[in-house]
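Analysis of the macromolecular model
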Amino acid sequence: MISDFFSKGGALQSKLLNFRARPAQIKMAQAIESAINLDETLIIEAQTGTGKTFAYLAPVLLSFAKGTLQKIIISTGSKTLQNQLFNKDLPVLIDACNFVGTVTLLKGRSNYLCNERLNRFMLESKNKEKSIQIELVKIKNWSIYTKTGDISEMQSLPEDAFIIPLITSTNDNCLGRDCPSFDDCFIVKARKKAMDSDLIVINHNLFFADLALKETGFAELIPNASVYIFDEAHQLPDIACEYFGESVSTRQFIELTKDIDFVYRTELKEAKQMAKATEQLRLSVLDFRLSFAIEKGTGSWREKSTDKMIQLHLQRLFQVIDFLIDVICERLGKSELLNHCFERLNKFNLLLKKLNSIDTVGYSSWYDCTKQHVSLNITPLCVAGRFQLACEKKSATWIYTSATLSVKGQFEHFTSQLGLERSKCMQLDSPFNYAKQSLFVVPRFIPEPSTPGLCDFLIKQLSPVICSNKGRCFFLCTSHAMMNQLAVGFKRTLTLPVLLQGEKSKQALIDEFICHGNSLLVATSSFWEGVDVPGQTLSCVIIDKLPFGSPDESLLKARIEDAYLKGLSPFFDVQLPQAVINFKQGVGRLIRTEKDKGVLIVCDTRLVTRKYGHLFLNSLPSMPRTRSLEKAIDFLQNIK
Ligand code: SF4
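Keep in mind that this is a model prediction, so the values were computed, not measured.

Now for the overall build of the protein chain. On a plain count of helices and strands, the protein chain comes out with 27 helices and 18 strands. Here the C-alpha radius of gyration of the protein chain, 26 Å, is about what a compact globule of 640 residues would show, namely 26 Å. Taking the principal axes of its C-alpha atoms as reference, the protein chain extends roughly 80 × 65 × 55 Å. Scored against the burial criterion, the 640 residues of the protein chain give a buried share of 54%. Pairs at least 24 apart in sequence give 77% of the contacts found in the protein chain among residues at least 6 apart. Looking at the protein chain as shown, the accessible area adds up to about 29500 Å², and 53% of this sits on carbon and sulfur atoms. Of the charged side chains in the protein chain, 77 are positive and 68 negative; the average position of the first set lies 4 Å away from that of the second.

The next thing to look at is the domain arrangement of the protein chain. Partitioning the protein chain into domains gives domain 1 (22–108 + 191–243 + 383–427), domain 2 (246–380) and domain 3 (434–637). For domain 1 versus domain 2, the distance between C-alpha centres works out to 38 Å.

Contact geometry of helix α12 (residues 250–266) with helix α13 (residues 272–290) gives a least axis separation of 10 Å together with a crossing angle of 165°. By the angle between their axes, α12 is roughly antiparallel relative to α13. As α12 packs across α13, the resulting crossing turns out to be left-handed. From α12, Thr250, Phe253, Ile254, Thr257, Ile260, Val263 and Tyr264 reach across to α13, where they touch Lys272, Met274, Ala275, Thr278, Leu281, Arg282, Val285, Leu286 and Phe288.

A few words now on the site of the ligand. In the vicinity of the ligand, the contacting residues are Arg109, Cys114, Asn115, Glu116, Ser169, Cys174, Leu175, Gly176, Cys179, Cys185 and Ile187. Per-class residue counts for the shell around the ligand are six nonpolar, three polar and two charged.

Further remarks concern the pattern of salt bridges. Counted according to the given criterion, the structure contains 21 salt bridges. The residue Lys107 makes a salt bridge to Asp150 at a minimum N-O spacing of 2.8 Å. Of this pair, Lys107 sits in the loop between β3 (103–105) and α6 (115–124) while Asp150 sits in the loop between α7 (130–145) and α8 (164–167); the two residues are 43 residues apart in sequence, bridging distant segments of the chain. Two residues, Glu448 and Arg610, come together in a salt bridge whose shortest N-O distance is 2.9 Å. Placement of the pair is Glu448 in the loop between β12 (438–441) and α20 (454–468) and Arg610 in the loop between α25 (606–609) and α26 (613–617), with a sequence separation of 162 residues. On the basis of relative accessibility, which here comes to 32%, the residue Glu448 falls in the partly exposed class. A single salt-bridge network, built from bridges that share partners, covers Lys52, Asp231 and Glu232.

On to unusual backbone geometry. Notably, Ala293 is not glycine yet its phi reads approximately 50°, a positive angle. Even without being glycine, Phe445 reaches a positive phi, approximately 65°. Inspection of the secondary structure puts Phe445 in the loop between β12 and α20.

A few words on α12. Compared with an ideal rise of 1.5 Å per residue, which puts 17 residues at 24 Å, α12 spans 25 Å between its outermost C-alpha atoms and is within 8% of the ideal. On its buried side, α12 packs onto α6, β6 (246–249), α13, α15 (308–329), α16 (336–356) and β9 (374–380).

Glancing now at the packing of aromatic side chains. Each aromatic ring pair is summarised here by two numbers: the centre-to-centre distance and the angle between the ring planes. Tallied over the entire structure, the rule returns 30 aromatic pairs. Between the aromatic rings of Tyr228 and Trp398, the centroid separation amounts to 4.3 Å while the plane-to-plane angle is 5°, which identifies the pairing as stacked. With a gap of 170 residues between them, Tyr228 in strand β5 (residues 227–230) and Trp398 in strand β10 (residues 397–402) connect regions that are remote in the sequence. Residue Tyr228 shares its accessibility class with Trp398, and that shared class is buried. Three or more aromatic residues link up through ring pairs in this structure, and these residues are Phe207, Phe208, Tyr228, Phe230, Phe244, Phe387, Trp398, Tyr400 and Phe414.

Before going further, it helps to examine the nonpolar core. Grouped together as the largest cluster of nonpolar side chains are 53 residues, with contacts concentrated most on Leu106, Phe207, Phe208 and Tyr400. Of all the elements, helix α11 (residues 236–244) adds the most residues to this core, at five residues. Non-local contacts of Leu106, meaning those with residues more than four positions away in its chain, are made with Gln82, Tyr112, Ala190, Arg191, Ala194, Ile200, Val201, Ile202, Asn203, Leu206, Leu221 and Ile222.

With that out of the way, let us pick up the sheet that holds strand β16 (residues 540–543). An order of β14-β15-β13-β16-β17-β12-β18 is seen for the seven strands of this open sheet, with the pairing classed as parallel. At either end of the open sheet lies a strand with only one pairing partner, and these are β14 (498–500) and β18 (625–626). Sheet topology places β14 next to strand β15 (residues 520–523); three bridges connect them, and they run parallel. Across the sheet, Leu499 pairs through a bridge with Leu521, a residue of β15. Along the sheet, helix α21 (residues 480–493) contacts β13 (473–476), β14 and β15; its crossing angle with β14, the most-contacted strand, is approximately 160°.

Pairing is parallel in the open sheet, where seven strands are placed in the order β3-β4-β2-β5-β10-β1-β11. The strands lining the two open edges of the sheet, one partner per strand, are β3 and β11 (424–427). If you compare each strand with its neighbour and ignore which way they point, the axes differ by 15° on average. Pairing of strand β2 (residues 72–76) with strand β4 (residues 199–203) involves five bridges; the strand directions are parallel. Residue Ile74 lies in a different strand from β4, and its bridge partner there is Val201. Its contacts with the sheet place helix α5 (residues 79–97) against β2, β3 and β4, and it is angled at close to 155° to β4.

Moving on to the side chain of Ser63. Here Ser63 lies in helix α4 (residues 52–66). Taking relative accessible area as the criterion, Ser63 reaches 2% and is therefore assigned buried. The contact partners of Ser63, leaving out residues within four places of it in the chain, are Ile36, Thr68 and Leu69.

Rules and cut-offs
- Residues numbered from 1 in each chain as written.
- Predicted model: local features only at pLDDT ≥ 70, side-chain atom pairs only at ≥ 80, totals over all residues.
- Heavy atoms only, no water.
- Helix = DSSP H or I, 4+ residues; strand = E, 2+ residues; numbered from the N terminus.
- Rg over C-alpha atoms; globule rule 2.2 N^0.38 Å.
- Buried < 20%, exposed > 50% of the residue type's maximum accessible area, 1.4 Å probe, protein only.
- Contact = heavy atoms within 4.5 Å.
- Areas by Shrake-Rupley, 256 points an atom, 1.4 Å probe, with all protein chains shown as cover.
- Lys, Arg positive; Asp, Glu negative; His and termini not counted.
- Charge placed at Lys NZ, Arg CZ, Asp CG, Glu CD.
- Domains from an automatic or database assignment.
- Axes fitted to C-alpha atoms, helices over the stretch in contact; angles between N-to-C directions.
- Parallel < 35°, antiparallel > 145°, perpendicular 65-115°, else oblique.
- Left-handed = near helix turned anticlockwise from the far one by under 90°.
- Near = heavy atom within 4 Å.
- Nonpolar A, V, L, I, M, F, W, Y, C, P; charged D, E, K, R; others polar.
- Salt bridge = Lys/Arg side-chain N within 4 Å of Asp/Glu carboxyl O.
- Expected span 1.5 Å × (residues − 1).
- Phe/Tyr/Trp six-rings, centres within 6.5 Å; stacked < 30°, edge-to-face > 60°.
- Core = buried A, V, L, I, M, F, W, Y, C linked by side-chain atoms within 4.5 Å.
- Pairing = 2+ DSSP bridges.

Printed below as a string of structure tokens:
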């Protein structure tokens, strides 16, 4: 029985002396064991502190040992979680379960060194700055002894180092079987190892990249398995939309021109006309970006495509592409890299033509401008049918788990997005005593969101709370504008350290926050989830307003269109439940262990003045509530 494994004196405790099973953890493990035996689909909401990783690992590893399962795929929401699962939790459970199968960690392509691109970049960088050359030599030396080619092994290389995209590959620029470095390719080796393994740890992006590839009928990245477990499953609907959609960006064209230029400078120096046509393409791509005449932003391509200037530049771009295709055609077969560039150019050309057409039914067409680039995209209005079909093709057990799947105890929002309406759903109680460990404040007299001067008001009202708690606070905002204004204001008024999202990488900011022990961190979206600061270092979480998505955001726009078509209410059936899920994620940053205590402050009176406020309130654990900031200060000062 699985409960014996978790019980006092059981197999797990014999390996982890301090281990104490929680009732919700055993319940979850039992439910997964039963789902495996019955080949069911199970959706489980398990709160922070349940110990859900052990709760799903134990039944799958033990079932494998019994021969009930063949291959196991576990998918997490991010690389950080993937690493943590593979390096920390999995080894303990493998040991405790006597699991003898083979295990692999498989990441997306951008995590592995591409030997071919490294060699090429080294050639190109002979005249570049010394610091770049030193970095490249370090990478080259590491490439000789690394077994995996996983660039996270090079700890001296920051996650956001500009050099990384230059030494890793994309689907576009990988030469595949034509690559001279194919036999030593780290990605090929990693994928082969994954294919032969019994348990593979992947992330959601990789899972959908594999589904998208399988739909084309060409290849596969991961093998079929008898059980699929998705941790942080609340992220799946958004990622699915991304992968079932299509997109092409001016960045891809610019990268392509660089590669053709490389062929000209190294292999085909006499191809002057090709160099000129490539330069024309580069300029034409830049002109197309400039024709949008905005700094950055997203919007409807249906509306924007009627702009005469934009269409003029787009038609010019098509002409230039056609000319370059003709020019390269004459040199095909003279260089592997050029052959590959030719394929890419044709592919981008077709995609651009497809995305320019606004008549594709069932999709939302949109553009996204950054400072330097613009992309055209189509996103399916609904992915439920395709996702369900893809799952049905695999006869397997499917487990979806996260701390935030339900809205007021109901799972419809999640299940309808993925076509999982007929699945079994389960909600587990939190192991924390929120009544004693927390206090929830919606301060009195806060103006409605978007009221002019709100930012100054918040700084004035909340500074005493932050100071009395000696920092140890996250201020989670719903927009970059509010985040930046608050950070400026708090830096001016507070004497304690104020950290701001974007000043450093996410991990560096979290490390600094913990190291200071008295900081205020002002952040937005990326800190609402996947951040774990246990203990009293983080004992106050402030949220500026309810996290409703902007109706301008492309994915939300697509879902709103879909709701209209189905006769549903875009606000009540789409925006509201999504905001509740996001809200629960933000709130989840506060209490991370049974010993944590803290205050949650939400500066949005709509929680108590609007009818829908109860949906947010009833989706939270039962925290004592107050409207008084003085009580918040008392609570914080009484934390030992
Ligand atoms: S096969 Fe692709 S990823 Fe591998 S080394 Fe060659 S270009 Fe790089």
